[in-house]
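# Chains, contacts and geometry: an overview
These are the residues of each chain, in order.
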Amino acid sequence: MTTAFIEKQFPVSKVSKESYKERKANNGQTLTGLGKWWGRKPLILVRAAILGCLMPASDDAVKDKAIFLKILSMDEAGFEQRKNKKLPVAVIYNVLEKRYALWESCKDYFTIDEKDISFAQEIEREQRDELELLAFSLLGYDEKQSYCMRPEHLENLSKASWAEINALLGTKATSLPELIEELSIRRFGHNVIVGDCFSGGGSIPFEAARMGCDAYGSDLNPVASLLTWADIHLCGASEEELKEIHKFQQDVYESVDKEIEELGIERNEKGDRAISYLYCAEARCPECGMKVPLAPSWVIGKGTKTIAQWVENGDHYDVTVKMGATAAEMAAAEKGTVPGDMLCPHCGKSTPISVLRHDTVGSDGKVVYGLRLWRKDEFEPAPDDVFQERLYAVKYEHTEIVKGKEKKTRYYQAPSECDLQNEEKVRAIIRENFSKWQQEGLVPSMEIESGDKTDELIRTRGWKYWHQLFNPRQLLTLQMFMGKVMASPILLCRVAGILGVNKCFDWNSKLSRWNSGVGNEKSEQTYYNQALNTMTNYGNRSVNGLSPSWYYDINNYVVNHNCVLGLADARDINTTCDFWITDPPYKDAVNYHELSEFFLAWDKKLIKEAFPEWYADSKRVLAVRGDEHFSQTMIDIYANLTKHTSDDGIHVVMFTHSDPAVWAQLALIMWKAGLTVTAAWNIATETDASGLKDGNYVKGTVLLVLRKQTNEDEAFLDELASDIKREVKQQIESMQKLDDKEDPNFSDPDYVLAAYAASLKVLTSYKSIGEIELNHELNLAINSPEKSEVVKLIERAKKIAYDFIIPPEFDSYLWKELAPAERFYLKGLEAEKHGNYQISTYQEYARGFGLTSYSQLMANEKANSARLKTPSEFAMRQINDVPNFENGILRLIFGAIHISIHEDEQPDKGLWHIKNTLQEKYWSSRDMLKQLLAFLKETSAIATMSHWHQAAQMAEHLYVLIDNDHI
Ligand SMILES: C[S@@+](CC[C@H](N)C(=O)[O-])C[C@H]1O[C@@H](n2cnc3c(N)ncnc32)[C@H](O)[C@@H]1O
Ligand SMILES: [Zn+2]
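It should be emphasised that the depicted structure is a prediction, and the values quoted were computed from it without experimental measurement.

## Some details on the overall build of the protein chain
Scanning the protein chain for helices and strands turns up 36 helices and 27 strands. Its C-alpha radius of gyration of 33 Å places the protein chain within 12% of the 30 Å reference for a compact globule of 967 residues. With the principal axes as the frame, the protein chain shows a C-alpha extent of 105 × 85 × 70 Å. Burial analysis of the protein chain (967 residues in total) assigns 57% to the buried set. Surface exposure of the protein chain reaches about 40,800 Å², of which carbon and sulfur atoms provide 49%. Of the side-chain charges in the protein chain, 113 are positive and 143 negative, and the distance between the mean point of each set is 2 Å.

## A word on the pairing of strand E14 (residues 388–402)
Each regular strand carries side chains that alternate between the two faces of the sheet. With nine bridges joining them, strand E5 (residues 273–284) and E14 adopt antiparallel strand pairing. Within the sheet, the bridge partner assigned to Cys280 lies in E14 and is Arg390. Alignment of E14 against strand E15 (residues 405–413), held across nine bridges, turns out to be antiparallel. Bridge assignment links His398 to a residue of E15, and that residue is Thr409.

## Let's talk about a negative patch on the surface
There is a patch of like negative charges on the surface, built from Glu714, Asp718, Glu719 and Glu771. With respect to the secondary-structure elements, Glu714 resides in strand E24 (residues 714–715). Residue class for Glu714 comes out partly exposed when judged on its relative accessible area of 48%.

## Details of the packing of helix H20 (residues 491–507) against helix H21 (residues 543–550)
Between H20 and H21, the least distance of the axes is 8 Å, while the angle of their chain directions is 125°. With respect to H21, the axis of H20 lies oblique. Considering the relative orientation of H20 and H21, their crossing is right-handed. Residues Gly497, Gly500, Val501, Lys503, Cys504 and Trp507 of H20 touch H21, and the partners they reach there are Leu546, Ser549 and Trp550. Its residues placed into classes, the contact of H20 with H21 shows five nonpolar, three polar and one charged.

## Some details on the environment of Tyr766
Locating Tyr766 in the fold gives a position in the loop between helix H26 (748–764) and strand E25 (768–769). Setting aside chain neighbours within four positions, we find Tyr766 in contact with Trp671, Gln709, Asn711, Asp713, Glu714, Ala715, Leu720 and Asp723.

## Regarding the nonpolar core
Formed by 277 residues in total, the largest nonpolar core has its most connected members in Phe10, Tyr638, Trp663, Phe824, Tyr825, Phe885 and Ile897. Looking at this core element by element, the count peaks at eleven residues for H26. In this structure, Tyr825 is in contact with Leu868, Lys869, Thr870, Phe874, Phe885, Leu890, Phe894 and Trp948, ignoring residues within four places of it in sequence. Counting 20 residues, the second-largest nonpolar core is a separate cluster that includes Cys280, Trp298, Val319 and Tyr392.

## Focus: the coordination of the zinc ion (ligand 2)
The coordination sphere of the zinc ion (ligand 2), as far as protein atoms go, consists of Cys285 (SG), Cys288 (SG), Cys344 (SG) and Cys347 (SG), spread over 2.2 to 2.3 Å. For the zinc ion (ligand 2), the four donor atoms in the first shell make angles of 107 to 116° at the metal, a pattern classed as tetrahedral. The sequence pattern formed by the donor residues of the zinc ion (ligand 2) is C-x2-C-x55-C-x2-C. Look at Cys344 and you get buried, because its relative accessible area is 1%.

## Notes on the sheet that holds strand E23 (residues 701–708)
One open sheet holds the seven strands; their spatial order is E19-E4-E3-E20-E21-E23-E22, and the pairing between them is mixed. In this open sheet, the two edge strands, each paired with only one partner strand, are strand E19 (563–567) and strand E22 (675–683). On average, each strand axis in the sheet is inclined to that of its neighbour by 15°, with strand direction left out of account. Bridging between strand E20 (residues 577–582) and strand E21 (residues 645–655) involves five bridges; their strand directions are parallel. The residue bridging Cys577 from the neighbouring strand is Thr645, located in E21. Against the sheet, helix H3 (residues 43–54) touches strand E3 (193–196), E20, E21, E22 and E23, its axis set at about 145° to E20. Contacts between helix H24 (residues 660–672) and the sheet are confined to E21, E22 and E23, with E23 contributing the most and set at about 25° to the helix.

## Regarding the site of ligand 1
Close to ligand 1 lie 24 residues, the nearest being Lys41, Gly201, Asp219, Asp583 and Val624. One of the backbone nitrogen or oxygen atoms of Lys41 is found 2.8 Å away from an oxygen atom of ligand 1. Leu220 is positioned with one of its backbone polar atoms (N or O) 3.2 Å from a nitrogen atom of ligand 1. Look at ligand 1: alone it shows 600 Å² of surface, and the protein chains cover 97% of it. Here the shell around ligand 1 is composed, by residue class, of eleven nonpolar, seven polar and six charged.

## So, the packing of H20 against helix H22 (residues 592–610)
Direction vectors running N to C along H20 and H22 enclose 175°, while the axes themselves pass 10 Å from each other. As judged from the angle between their axes, H20 and H22 are roughly antiparallel. Counting all contacts with H20, which are made through Leu491, Arg494, Ile498, Val501, Asn502, Phe505 and Asp506, the residues of H22 involved are Phe598, Phe599, Trp602, Asp603, Leu606, Ile607, Glu609 and Ala610. The residue makeup of the contact of H20 with H22, split by class, is ten nonpolar, one polar and four charged.

## Regarding the state of the cysteines
The full count for this structure, using the stated rule, is zero disulfides. Cysteine Cys493 is unpaired, with the sulfur of Cys235 as its nearest cysteine sulfur at 15 Å. Lacking any disulfide linkage, Cys563 is separated from the closest cysteine sulfur, that of Cys213, by 9.6 Å.

## What about the sheet that holds strand E9 (residues 316–322)?
Pairing is antiparallel in the open sheet, where three strands are placed in the order E7-E8-E9. Where the open sheet ends on each side, the last strands, each with one partner, are strand E7 (299–301) and E9. Between one strand axis and the next, the sheet turns through 30° on average, direction left out of account. When E7 meets strand E8 (residues 306–313), the two strands line up antiparallel, connected through two bridges. Along E8, the bridge assignment pairs Val299 with Ile307. The sheet strands contacting helix H15 (residues 327–334) are E7, E8 and E9, and the helix crosses E8 at an angle near 70°.

## What to know about the confidence of the model for the protein chain
Put simply, the protein chain has an average pLDDT of 93, and 98% of its residues get 70 or more. For residues 688–698, every residue scores under 50 in pLDDT, and the model assigns this stretch 32 contacts once sequence neighbours within four places are set aside.

## Thoughts on the side chain of Ser488
With respect to the helices and strands, Ser488 occurs in the loop between helix H19 (472–487) and H20. On the basis of relative accessible area, Ser488 is assigned to the buried category, the value being 5%. A polar contact is formed between the side chain of Ser488 and the backbone nitrogen of Ile490, at a distance of 3.3 Å. In this structure Ser488 touches Phe248, Cys493 and Arg494, once residues within four positions along its chain are discounted.

## Details of the side chain of Gln468
Assignment of secondary structure puts Gln468 in the loop between helix H18 (455–461) and H19. Overall, Gln468 belongs to the buried group, its relative accessible area being 0%. At 2.9 Å, the side chain of Gln468 and the backbone nitrogen of Lys464 are in polar contact. Non-local contacts of Gln468, meaning those with residues more than four positions away in its chain, are made with Trp374, Arg375, Glu378, Trp463 and Lys510.

Reading guide: rules and limits
- Residues numbered from 1 in each chain as written.
- Chains lettered and ligands numbered in written order.
- Predicted model: local features only at pLDDT ≥ 70, side-chain atom pairs only at ≥ 80, totals over all residues.
- Heavy atoms only, no water.
- Helix = DSSP H or I, 4+ residues; strand = E, 2+ residues; numbered from the N terminus.
- Rg over C-alpha atoms; globule rule 2.2 N^0.38 Å.
- Buried < 20%, exposed > 50% of the residue type's maximum accessible area, 1.4 Å probe, protein only.
- Areas by Shrake-Rupley, 256 points an atom, 1.4 Å probe, with all protein chains shown as cover.
- Lys, Arg positive; Asp, Glu negative; His and termini not counted.
- Charge placed at Lys NZ, Arg CZ, Asp CG, Glu CD.
- Pairing = 2+ DSSP bridges.
- Patch = residues over 30% accessible without salt bridge, like charges linked within 9 Å, V, L, I, M, F, W, Y side chains within 5 Å.
- Salt bridge = Lys/Arg side-chain N within 4 Å of Asp/Glu carboxyl O.
- Axes fitted to C-alpha atoms, helices over the stretch in contact; angles between N-to-C directions.
- Parallel < 35°, antiparallel > 145°, perpendicular 65-115°, else oblique.
- Left-handed = near helix turned anticlockwise from the far one by under 90°.
- Contact = heavy atoms within 4.5 Å.
- Nonpolar A, V, L, I, M, F, W, Y, C, P; charged D, E, K, R; others polar.
- Core = buried A, V, L, I, M, F, W, Y, C linked by side-chain atoms within 4.5 Å.
- Donors = N, O, S within 2.8 Å, 3.2 Å for Na, K, Ca; no water.
- Tetrahedral: all angles 85-135°; square planar, octahedral: opposite > 155°, others 65-115°.
- Near = heavy atom within 4 Å.
- Polar contact = N/O pair within 3.5 Å; in protein donor to acceptor, adjacent residues only side chain to side chain.
- Disulfide = S-S within 2.5 Å.
- pLDDT = per-residue confidence, 0-100.

Okay, here's the thing in structure tokens:
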């Protein structure tokens, strides 16, 4: 068996930073443009995980680390290659100026006048480039990143880098796929097969294939499997194929456009073409009988200052649309008619929406929904339904030729006679064709099944069929696209087409919120969040407005097409892989199955025709969910995967929780499935890595690394205790040894996590543990974690870890002499020095140091502004509730600082207090006193800690006094 790099170490900080950068790129992400899926994993994280499994660990951890980073282009040479932006002269100047040793030799290269820093005139281009590169090399990782493309965009590493990589690994590679192949053959005798049975948006199989691995990818959900298929075959298409796809997209679009033009339904009386339509619901006010148009705001455009205004006309309102409204008119329009309840503009009375809907409470106390449910053949409200719908504004584009050039101007209007006729024409077409289209699969006929997310549709609108989320105009346009996609004989084009129509559904339903923001003034996507929220008013895109959705970007890369992609319940997979990299749905996870039905309702027929062996529903009952079946389902799935793992294979399971009980549960699941933990790393994928340094690390993705369990031995818990202690210690020490003080890779949570993993590694390395009956233990971990032995074991590991987590510059022998409460205080202050004011950090430290009460140490315990008391805030008050603090040396120092400040800023008063308290122990305590004072005085340089400045200064004075104090 080969120990893999990822089982020994992992560059968590750098991978976090790159993951975060990728996440933040939004539309610049490689796969997201293909379609909506939730919880996609960053590709760089996947790349690092796969490489970490494949690259063997040698005896030289430092070299391994350097080469690993080099392969990922995260080293100095990689940065130089990735650099694609110029550093401004001012930045170069500022960086170099701070390096005193360097500055002497470079300062003459710059000239500074009042406004500007520039290069001195005589400086040659080459010298400028050299200075720029020098400054660049001195930047921190995050700053460097801002001048660089992402690693995935670098075509290949330099020859020099490959030479270094090959020298260490004994390979002959000139590209990543070649390296993958060589390392694979050496290890497995074939190219490595990387599998993912929860492939979702397909990040894992795609990245595996892009790296050159053979890939296996499947998901239970057809929309996910389709996206995974598209990742490989569209993003990995050849030039020829891409051309064909683009031509197909263009042909479809143009022919839909032509049909719409022939019908004339998107043109107004002036012959201008529509961009968007705005619709709203209407309901009768139960108080006065007036028919009230509904929207939370009648502002249409904040940039164009456009509003809808309503004028009473008998029992209803007529609309006018005003552009260039005054500030007062804008403010009035902001109010809308549904600030929460319906607010009738006629009688001024409010009616709760649930009353409008006639919801009642049944005899069992449950709400009985009042709305009539729509039938399968209905596509608009019946005349006496509570909620009616109406068009209230249209955005048009006028094109004219000015001085030989096309000039386009956009404007809004209230529906004109011509617009209303168009609406009627659309409705008539739908009325005539709807059931035929349903039969042909051009529009949905699927019922909306009740569920956590789907119930909202039924409850708030009475929509019982998926097509009812689309109005007649939307149905008409979308069905045209559907027909053309269906007619395509080429699989690639057909899939490209399904993704295209899916994007159009997402961006053009009755759930598409109208965005009136400056520079926007357009309708948004249905899935702007993970829900199906109905809207009182919404935007509708014309064919023109749909073009960005239809013509989505396909990013093109060379990928290994040796892939097996499918649609399957993970329990049924029977493909053997070398690495399983999986990201299972978790407890509070997304309702994938329900959300995907929005698409499946349309795609059923298209999918079945494209992939005859696939099914086309969401298989709700088989989906992994956070209910009482979760553990058993996961055990079944991972037992199956274990069976289909090659002997030297590795599993990486991604999850996002840090709570020991959840950890225990997952570890037990994996253990029961026949796997043993070998390592764990936390990557901050959701947020800025630098913001996570000391505390709350829930937002990361944990990579849990596992192997097949082969040991047949049984052990007993008490025998394990010392093994666990040794393993935790060893793990933390090896991480500390590897870490770079200047550019730290690991922070506290990483050590704690490593401790969890180390304890689980010992535990799960045995076939069984005498006292632990797995089913019972799993049940405890879920239902009463405080009774679970495994939870206890993890908690203990955390405490052991805390003995090793010492603030930098703090002497480790002195640290050991401090009481837990004192360590708690110092770690808290260290967090504050890094700008961390989160109460969760203190809670975490308190758990780590086994402190049950710490309130007396805190000046503030609010969630995001928590901080410790300063010496003056302690004053001379007794701290009785915190064990071993009042009589400790830290409290003594606080007293001394307080007295010194209080007594006319005289540090000798404070020193006297110390000496008087310690008596003859003073001399033997000097090292500790100096160490603590040195730590406290460091706060003076920190801008956000002004509340500490006075105390920091006094700490400095005391430090000098004690330092100079001799017998
Ligand atoms: C967290 S997502 C994976 C996201 C993916 N890693 C990505 O980057 O896009 C989990 C996936 O598990 C799928 N899933 C749920 N139950 C399943 C089952 N029983 N078998 C296979 N896949 C399942 C869901 O459809 C969902 O796509
Ligand atoms: Zn009224």
